[in-house]
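Architecture at a glance
This is what each chain is made of:
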Amino acid sequence: MLFNSLEFACFFPLVTLAYFALPHSWRWALLVAASCWFYARFVPAYILILGATIVVDYSAGILMESYPRHKQSILWASILSNVGFLFFFKYFNFVNANVSWLTNSMGLHNPVGSLDILLPIGLSFHTFQAMSYTIEVYRGAQRAERHFGIYALYVMFYPQLVAGPIERPQNMLPQFRERHYFDDRRVTAGLRLMLWGSFKKIIIADRLALPVGIYFSHPSDFQGLAPLVAAILFAFQIYCDFSGYCDIALGAAEVMGFRLMSNFDRPYFARSIGDFWRRWHISLSTWFRDYVYLPLGGSRVGHVRWVRNILIVFMLSGLWHGANWTYVVWGALHGIFLIVGRATKPLRQHVADRSGFASWPRVQAAWQILVTFLLVCVGWVFFRAGNVTEAWFICRKLVGGIWPVLRSLALHGGHSLDTGVSALFTSPGELAACFGLIAGLIVVEGLQQTATFSEWLARWPWTVRWAAYQAAIIVIVMFGSIESRQFIYFQF
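Residues numbered from 1 in each chain as written. Predicted model: local features only at pLDDT ≥ 70, side-chain atom pairs only at ≥ 80, totals over all residues. Heavy atoms only, no water.

A closer look at the pattern of salt bridges
All told, the structure shown has 13 salt bridges when counted by the stated rule. The partner of Glu 145 in a salt bridge is Arg 177, with the nearest N and O atoms 2.6 Å apart. Taken as a pair, Glu 145 in the loop between helix H5 (123-139) and helix H6 (148-156) and Arg 177 in the loop between helix H7 (169-172) and helix H8 (184-217) lie far apart in primary sequence, 32 residues in all. On the basis of relative accessibility, which here comes to 45%, the residue Arg 177 falls in the partly exposed class. Shared partners join several salt bridges into a network, and the residues in it are Glu 65, Arg 143 and Arg 146. (Salt bridge = Lys/Arg side-chain N within 4 Å of Asp/Glu carboxyl O. Helix = DSSP H or I, 4+ residues; strand = E, 2+ residues; numbered from the N terminus. Buried < 20%, exposed > 50% of the residue type's maximum accessible area, 1.4 Å probe, protein only.)

Structural data, given as structure tokens:
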């Protein structure tokens with residue numbers, strides 16, 4: 001079931017009303033049943049896969065407490081089971097295709113054919129959430145959950161089931177036992193967040209998807225600034241799409257009294273790649289930090305091993321997103337950006353001090369934000385492109401297309417200048433709408449330095465707030481297309 005669908009518009013209020021109407025002791029059962037229905041609306045058979053992983057990890061947690069001498073073996077059995085499901089559905093064909101390429105290049109034949117299977121929605125998300133539980137039980141940081149229904153709800157809780165945030169058991173399991181009462185302020189805050197998330201997805205992300213799709217379907221047809229503009233538009237499309245989903249998820253949970261972790265913190269205001277990853281997909285970056293990076297030694301090792309750790313983490317993060325070399329390169333690029341940024345930091349600081357640039361902190365901050373954003377956009381080209389070859393082609397066009405435009409501006413003052421950007425849009429009005437929405441988003445996010453958008457809006461008089469709510473709803477109804485586009489991160 002999609003958040004941006006009429007079906008969810010009926011599902012959510014019915015489940016929420018039933019949740020508050022039922023006695024506390026029955027609410028977990030309602031949420032489990034609702035989550036099963038929510039997930040089964042995609043592919044009903046795949047609820048069995050989810051159920052199998054729940055049984056395995058629930059049993060593993062209890063067995064690790066009951067047989068502490070064997071808990072390491074039990075943990076590995078649980079992890080291999082989860083990774084096995086993930087590999088079979090998500091990575092088997094990818095690995096098999098690469099094996100076939102290798103054997104063909106050696107004049108051999110790979111007898112194993114590809115599998116005609118559909119990736120279960122959100123498999124990577126709830127697999128990592130389940131693994132988080134067993135690892136925490138193994139470490140002794142979380143008691144094994146004895147209530148099977150509560151544990152099932154931890155894995156299946158519908159607001160964050162298919163695209164996160166990836167929660168930790170210490171945050172969610174206690175909340176499923178809390179008695180939640182109807183609180184009109186909390187409900188209003190949750191609905192406000194859901195409305196903002198819906199606006200970001202339906203109005204901004206889905207509108208930006210049109211020119212982005214036009215460019216990336218035939219990148220060789222466009223010249224000038226079109227590759228750069230398409231990369232920038234995709235940066236905002238994927239941000240509004242994914243953060244919009246997370247806002248709806250956090251808001252839906254908040255209405256019922258549950259507190260999910262925030263997954264984004266204004267990532268395009270980051271001043272370095274490291275800062276970007278402290279702001280983007282926070283639940284995934286902290287998962288890799290706690291369960292991969294730190295066990296490898298983190299930064300408490302020599303430089304060579306630290307470089308190795310960074311590349312392993314970022315390449316695994318890329319592979320987590322999809323079974324394609326484009327994602328691996330995307331992750332590796334971010335790792336390289338981080339490594340180079342750390343290596344050049346003293347030199348860059350020295351240049352800033354000697355040139356006097358450091359005495360203009362706001363200008364320096366703006367420059368750092370711009371450079372970081374452009375590096376992120378280069379990474380997004382690989383994330384969005386169909387293959388690595390196409391991504392390299394776009395990157396060359398992205399850089400090469402700037403110089404003719406600058407040369408024309410310098411020689412002719414921009415007279416009869418064709419930047420190539422207009423070819424991405426169906427009309428000048430569509431171009432203005434896309435960039436106007438991006439500008440509005442930047443302004444709104446800029447106002448969130450000390451408070452979230454929901455908290456900031458709550459400070460205004462009720463007349464202004466309700467006028468804003470009504471305006472947002474009218475815009476979504478009039479200009480949005482309900483259920484037109486699936487969320488991008490559903491494919492992961």
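Things to note about unusual backbone geometry
Of all residues except glycine, most have a negative phi; of all peptide bonds, most are trans. For Arg 266, which is not glycine, the phi torsion reads 50° and is therefore positive. Take Arg 266: it is sitting in the loop between helix H9 (226-256) and helix H10 (273-277). Among the residues examined, Arg 266 registers a relative accessible area of 13% and is labelled buried. Even without being a glycine, His 281 presents a positive backbone phi close to 45°. Position of His 281 relative to the elements: it lies in the loop between H10 and helix H11 (282-293).

Brief notes about H5
With 17 residues, H5 should reach 24 Å at 1.5 Å per residue; the first-to-last C-alpha distance of 24 Å fits that figure. Within H5, 15 of the 17 residues are buried, which leaves the element mostly enclosed by the surrounding structure. Trailing H5 by a residue or two, Gly 140 shows a phi angle of about 80°, which is positive. (Expected span 1.5 Å × (residues − 1).)

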